[in-house]
Amino acid sequence: MAVDFSALDREVDQEQLRKDVEEAKNNSGDIPKGTYIVGIDKMEIRATKDGRPMFFIQCRVKEGEYKNKCVFMNRVIYGTKNDGSMIQSVITLLDKLETETIPEFNGYQDFVDVVADIYEEIQGKVECEIDYDKDAFNSVSIKEVFDV
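Cut-offs and rules
- Residues numbered from 1 in each chain as written.
- Predicted model: local features only at pLDDT ≥ 70, side-chain atom pairs only at ≥ 80, totals over all residues.
- Heavy atoms only, no water.
- Helix = DSSP H or I, 4+ residues; strand = E, 2+ residues; numbered from the N terminus.
- Buried < 20%, exposed > 50% of the residue type's maximum accessible area, 1.4 Å probe, protein only.
- Contact = heavy atoms within 4.5 Å.
- Disulfide = S-S within 2.5 Å.
- Polar contact = N/O pair within 3.5 Å; in protein donor to acceptor, adjacent residues only side chain to side chain.
- Expected span 1.5 Å × (residues − 1).
- Core = buried A, V, L, I, M, F, W, Y, C linked by side-chain atoms within 4.5 Å.
- Salt bridge = Lys/Arg side-chain N within 4 Å of Asp/Glu carboxyl O.
- Arc of directions from axis to C-beta.

## Brief notes about the overall build of the chain
Then comes step 1: In terms of helices and strands, the chain carries four helices and five strands.
Then comes step 2: Dimensions of the chain along its principal axes, counting C-alpha atoms only, are 55 × 40 × 30 Å.
Then comes step 3: Counting the 148 residues in the chain, one finds 32% classified as buried.
Then comes step 4: For the chain, long-range pairs separated by at least 24 residues make up 46% of all intrachain contacts whose partners lie at least 6 apart in sequence.

## A word on the state of the cysteines
Then comes step 1: For the coordinates displayed, the defined rule picks out zero disulfides.
Then comes step 2: Cysteine Cys70 remains unbridged, with the sulfur of Cys59 as its closest cysteine sulfur at 8.6 Å.
Then comes step 3: A residue is classified by how much of its surface remains accessible, and Cys70, at 6% relative accessible area, is buried.
Then comes step 4: Left unpaired, Cys128 is separated from the closest cysteine sulfur, that of Cys59, by 6.7 Å.

## What about the side chain of Ser89?
Then comes step 1: By the element assignment, Ser89 lies in helix α3 (residues 83-95).
Then comes step 2: The class of Ser89 is buried, set by a relative accessible area of 14%.
Then comes step 3: Within the structure, the side chain of Ser89 is placed 2.5 Å from the side chain of Arg75, a separation counted as a polar contact.

## Re α3
Then comes step 1: Taking 1.5 Å per residue, 13 residues should reach 18 Å; α3 reaches 18 Å between its end C-alpha atoms and fits that length.
Then comes step 2: Within α3, burial applies to Met86, Ile87, Ser89, Val90, Ile91, Leu93 and Leu94.
Then comes step 3: Close packing links the buried residues of α3 with β1 (34-47), β2 (53-61), β3 (70-76), α4 (108-122) and β5 (140-147).

## A look at the nonpolar core
Then comes step 1: Counting residues in hydrophobic clusters, the biggest one holds 32 residues, and the most contacted among them are Ile40, Met43, Phe55, Leu94, Leu97, Phe111 and Ile130.
Then comes step 2: Among the secondary structure elements, those contributing two or more residues to this core are β1, β2, β3, α3, α4, β4 (126-132) and β5.
Then comes step 3: Residues contacting Leu94, with those up to four places away along its chain left out, are Met43, Phe55, Pro103, Phe111, Val115 and Ile118.

## Observations concerning the pattern of salt bridges
Then comes step 1: A full pass over the atoms with the stated rule returns five salt bridges.
Then comes step 2: Of the charged contacts in the structure, one is a salt bridge between Arg52 and Asp50, with a shortest N-O distance of 3.3 Å.
Then comes step 3: A relative accessible area of 55% places Asp50 in the exposed class.
Then comes step 4: The shortest N-O distance in the salt bridge between Asp131 and Lys143 comes to 3.9 Å.

## Side note on α4
At 3.6 residues per turn, the α-helix brings residues three or four places apart onto the same side.
Then comes step 1: End to end, α4 covers 21 Å across 15 residues, agreeing with the expected 21 Å (1.5 Å per residue, within 8%).
Then comes step 2: Looking only at α4, the buried set comprises Phe111, Val114, Val115, Ile118, Tyr119 and Ile122. The buried residues of α4 occupy one face: seen down the axis, they fall within an arc of 130°. Those residues of α4 that are exposed and angled more than 90 degrees off the buried face are Gln109 and Glu120.
Then comes step 3: Of the surrounding secondary structure, the elements contacted by the buried residues of α4 are β1, β2, α3 and β4.
Then comes step 4: One or two residues past the end of α4 sits Gly124, with phi positive at roughly 75°.

Now the structure itself:
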């Protein structure tokens, strides 16, 4: 028995979804463990499938064999065995960006705003040298930040 998804098709912006699929096709693939120069394309607190807050960062490789490929890091920051450590790992990453906005946690909604403010402050203005390992706890680790 087939499922009818026509109602969902009417709700979704089909053109944007096709663009998103094409971008994913062009920018995905396994990027090996290593050091890369990246720009930060997206950085936010978003919801997991079950509604828990999660830090998300998407970086785009700027040079070399994997130029224009993306690397990602997700960190669930509520409902884990150690929420404090999860939040602190995000703060440590944000602190390396050396922004005027101080990365601190004063509640989840405030943290959403802090992350958004930091992203706005750096968007298009910095590149980072990162260590990337998709299998590591911290898949993205910032080593150095450069102004562009």
